[in-house]
Structures are given as structure tokens and as C-alpha cells.
Amino acid sequence: MTVSAHPPDVDRARADGAFGVRRALPAIVCFLVAFAVLYASTYIELAHTVWSTEEQGHGPLILGATAWLLWTKREEIFAGDAQPAPVWGFSLIVAALIGFVVARSQAVIEVETFSQIFVLAGGLLVLQGKRALRLAWFPLAFMLFLVPLPGALVQAITLPLKSAVSVVAEEVLHLMGYPIARTGVTLAIGPYQLLVADACSGLNSLFTLEALGLLYMNLMNYQSRARNTALAIMIVPISFISNVTRVIILVLITYHFGDEAGQGFAHGFAGMVLFAVALVLTYGFDRLLARFVDDEGGARGRR
Amino acid sequence: MAVADRVNPGFKVPAMVIAAIVLMLIALGASEWLKPKRVVADELPAISMKTLLPERFGQWRVDHSGPPVIYDPTVEAKLATLYSGTLNATYVNAQGQPVMVSIAYGKNQNSWSTAAHRPEFCYRAQGFEVEPRGKAKLALASHQIDVIRLMSRRGSQIEPITYWVTLHDTAALPGVSRKLQQLRFGLQGMIVDGFLVRLSSLGTDEAEQFKLQESFMRELEGALTPDLRPRLFGHH
């Protein structure tokens, strides 16, 4: 048994929090059961369509992270007396439910998924009050990553992204002295022709990485807004660089070891490289930021 | 021991939370009740892809002389899951200029998996390079219709494309407006069908080919029966 490192007032707040959770437990459970009944078929639909694609398969991960974040904050959220804000709460719930009814009946899965964030937010306002919502804002906002990207948006971004990936990959390989040529999004190296497919645009890894990055920032609990913003923005170029690295690796594997290697095991391997590169770059950039933004209030505790 | 442990909060659910739960259950019921159930395609004359287009109309007639097109079986299989029916034909006019027409029919445009798919993506998937040429408003006999023009290239083969899509009896290009139109039908309880009509011809002179396709389109509209016309071209 270790001695609690927290000052006594924090311990008291925690105890109060535990009490708060217990006091509100029946209401929380009833609300969550209704929520689950309401959205069960949304999740079944998501599991069958969007999550089973390679493109936006990060859904279950986001859901798990959201649940875990809310769970770890449960005592803080329900600490103190409930001060429900029914006007705001019911406004949010009713607006979200109208969106839900239209979306569910007309099969607009994006809006259907989106609406749950506001049902939960309204639920917190009704159960506990504005303070609870303020404390839970991050997990709720994080649920945005559960919303499938509208097809039109994906289509609008994918092509320019794909072209940029091909151009940069060609330039880099050219500088490295490889016999490479490019027409549109087709790369020709030696005897091989490689088409940079939609899946190689990096759009989907961009969203997965952005989600992971935000989660990382939330866990590190930096107090500096500048640091958080810089990190969140840098994830975009970092994910682009990682994706170009992946494409280059695939091209090189195909060139040196043949078509089969490039399409076989190496494809999965290159995907892992993408995430490894992204993690190293993100962490490296974060350390770099630490030199400029002196922030004691990181993961090691708030001042 | 903290004070909290000695207090038994008991099983109590505030009325407000119960109200929220009731609202959620009402929403669930309402969403089931509002789901469209009328399959409009079943109430209208059945669509037979074989006899959809006339063998000849205006100055155009079906050209059977070309080599039979052989399709990739995987593409065929994919098409069969997407559409209720497809049709491919080549027409030639009096001057011998060919126009290829390709029509896909989907009975249920409400479902994500059977909704019309944009040709620019199908073409790209088959190794064509596709460049957008923007939207155009073409005048038909009594109304205008929005079409999308594309330029596709594979090797030395250059093929300008004009396409449009319909939803029930209206023309609606993919995008937000189509989604809204679908909502409008859906909230009236209708599951609507739709066509995707694609015209293409081979030739390097874009302007000329697009003009040729436009004239084909106008004559085709005039040749269709009144009950089929809005379904392929929309109305008003």
C-alpha cells in the first residue's frame, strides 16, 4: 500500500466524487441503457459498413477510448451536488433527437452518429449540470471521430491528396537516383507500374493519427494552449510525411524484391511503418516544443 | 472512512432523467414509423433494360457491327450487386458518328450500397485517367438538366463523357442537393429508384464530342414514351 500522493483536499474531493457517482448511479445506468437501446442499431450499421472497411476502421478504437476517458473522469464529473440545467439539457436532447429521427428513418448514418454526442451532452446537463459537461467536453468531442466522413468530402479530398503523395514520392525517389517516372497517379519504376490507389491517399490514416494525437495531448494534459494547438496542427504534415514514407517503401520493395513482395506481406508492414514514423515524429516534435514552451503542468501533475 | 460511505443514497432516478429517457424512446419509435416503406418502382411500369431504349430514333440507330464488348467478370459481379439492371449500347448517326450509351438502373436509391456511383470513380478504378470538365446545364424540350462532363484517357484513347443521374422523376446530380431530394422523398415514405445515364464518344475534339452527345440526348428524350421520359431525364 502506498501513501497517497495527493494533498488532503484532493482526497476529499475524490471521496465526494465516489459518493457522487454512487448517488447518481441509478439515473446514470437508466440513461445509458436508454442510450444503448437508441443507438444499438447505429453501431450495428457502422460495424457492417464503415468500420469493416480499411478506410475508417479506427471506429472501435475511438469508441473504446471515449468510454475509457469518461470512466476515468467519472468521479470528477459527478463530484458535488447535482445542479441540473434542464433548459439547456432538454434543448440539446430534443434538437439531437429530431436529427436522430430524420437520420435514422432516412438512413443518413453520419447525422445519426453525430446526434449521439448531443444526446450525451444533454444527458450530462440533466443528470449533473454544466460543470459536468465542461469536464467531459474532451471525450464528447473525441466522439466526432466516430462520425463517418461524408462521401462527398472524402471524394473531394482524396484526389488532390493522392496526387500530392505521388508527386512527392516521385521527387524523393528521383533525388535518390532511382529510374522513376510518373503519369498522373501512376508511378513507373524499372519494369513496374504502380498505381497510387485511393487507400494510399493517406486521408484515413490522417484522421486516425489526428485522433491518436489528440488523445496523446489529452493524456499528457499540457496546460499551454500554444503547445496543444501547435501539436494538433503539426499532425497533419506529419501524417502526410508518414504516408509518403509508406508509399516510397512500397515502391522500393517492389523495385528490389518484385511485385509479389510489394503486394503481399510488405503492404501490411508498410502500414505499420506509417504509424511508427508518425509516432516518432509526433513525439519528437513534442519534445522539441517542450524546449520552447516550458510547461511543468504536463503528465507529471499540475502546478 | 469518509462520510459518504455511511450515507445510503438509495435507488432514485430524478423525474428529469425519466423524461429524457421517455424522449429517447419516443424518438426511437418515431424513427421506425418514419422509415419509408413504399417502393415506388413496384408501382410504376416495370423497367426492362432490354427494351428501354428504341432500336432507332431520329437519325440514330443501334450499331451492332462493333466487336462485342467483353467486361471484366469481377467488374460485372460488382455491378450486379450495385444495380438492378445495366445496359450498354452503341448508336451511330447518319454520318456514322458513334455515341456509346451506358445506363444503370437502381430500384432503391435510399440504401447507401445500391445508390448511384459516380462514373469518374469507376473509370479511375479501371485505369482511366479522368479529368473533370465541370457541370453544364443542357436545355431539353421543356426543361433544363444538370450534367457532368468528364474527359477520360487511357493510352491513346480519348473519350469525352457526359453523364447525369435521376431520382424518381427528377434529375439530381450526386451531392448535397441529391441527398436533400432523397430526404424529401423519404420523409413522404417513398423508396425511390434512379437512373445513371452516361454518354461517351471517342475523339480528341472535346467541344465537338460534347455537342454530338448533347444532340443525341435531345433526340433520345423526344423519342421516349411520356411515362419513361421523366424517369430518364427528370421533369420541369
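Observations concerning the packing of helix α4 (residues 86-105) of chain A against helix α5 (residues 109-127) of chain A
Residues and elements named next belong to chain A.
Next, step 1: Axis separation between α4 and α5 bottoms out at 8 Å; the angle between their running directions is 160°. Looking at the two axes, α4 sits roughly antiparallel to α5. In this structure, α4 crosses over α5, and the sense of that crossing is left-handed.
Next, step 2: In the contact of α4 with α5, the residues fall into 16 nonpolar, 4 polar and 2 charged.

Considering the environment of glycine 123 of chain A
Next, step 1: Inspection of the secondary structure assignment puts glycine 123 of chain A in helix α5.
Next, step 2: Residue glycine 123 of chain A is classed as buried on the basis of its C-beta count, with 26 C-beta atoms lying within 10 Å.
Next, step 3: Non-local contacts of glycine 123 of chain A, meaning those with residues more than four positions away in its chain, are made with Phe31 of chain A together with Ala20 of chain B.

Here's the deal with helix α2 (residues 59-72) of chain A
All names here are of chain A.
Next, step 1: The terminal C-alpha atoms of α2 lie 20 Å apart, and with 14 residues this matches the ideal 20 Å at 1.5 Å per residue to within 8%.
Next, step 2: Of all the residues in α2, the buried ones are Gly59, Ile62, Ala65 and Thr66. Projected onto a plane normal to the axis of α2, the buried residues spread over an arc of 125° and lie on a single side. Across from the buried face of α2, at angles greater than 90 degrees, the exposed residues are Gly64, Ala67, Trp68, Trp71 and Thr72.

Focus: unusual backbone geometry
Next, step 1: The residue alanine 107 of chain A is not glycine, and still its phi comes out positive at about 60°.
Next, step 2: Mapped onto the secondary structure, alanine 107 of chain A falls in the loop between α4 and α5.
Next, step 3: Overall, alanine 107 of chain A belongs to the partly exposed group, with 17 C-beta atoms counted inside 10 Å.
Next, step 4: Positioned with a positive phi, histidine 168 of chain B is a non-glycine residue whose angle comes to about 55°.
Next, step 5: Mapped onto the fold, histidine 168 of chain B is located in the loop between β8 (157-167) and β9 (170-171).
Next, step 6: Judged by the 22 C-beta atoms lying within 10 Å of it, histidine 168 of chain B is buried.

Focus: the pairing of strand β5 (residues 98-106) of chain B
A regular strand places its side chains so that they alternate between the two faces of the sheet.
Residues and elements named next belong to chain B.
Next, step 1: Counting buried residues along β5, 7 of its 9 residues qualify, which places the element largely inside the surrounding structure.
Next, step 2: Two strands pair when backbone bridges link them, and strand β4 (residues 85-92) and β5 are joined in this way by 8 bridges, in the antiparallel orientation. Within β5, the residue paired with threonine 90 across the bridge is methionine 100.
Next, step 3: Between the antiparallel neighbours β4 and β5 lie 5 residues, among them glycine 96 with a positive phi of about 85°.
Next, step 4: Here β5 pairs with strand β11 (residues 194-200) via 7 bridges, running antiparallel. Across the sheet, alanine 104 pairs through a bridge with leucine 196, a residue of β11.

What counts and how
Residues numbered from 1 in each chain as written. Chains lettered and ligands numbered in written order. Predicted model: local features only at pLDDT ≥ 70, side-chain atom pairs only at ≥ 80, totals over all residues. Axes fitted to C-alpha atoms, helices over the stretch in contact; angles between N-to-C directions. Helix = DSSP H or I, 4+ residues; strand = E, 2+ residues; numbered from the N terminus. Parallel < 35°, antiparallel > 145°, perpendicular 65-115°, else oblique. Left-handed = near helix turned anticlockwise from the far one by under 90°. Nonpolar A, V, L, I, M, F, W, Y, C, P; charged D, E, K, R; others polar. Buried ≥ 20, exposed ≤ 12 C-beta atoms within 10 Å, placed from the backbone. Contact = placed C-beta atoms within 7 Å. Expected span 1.5 Å × (residues − 1). Arc of directions from axis to C-beta. Pairing = 2+ DSSP bridges.

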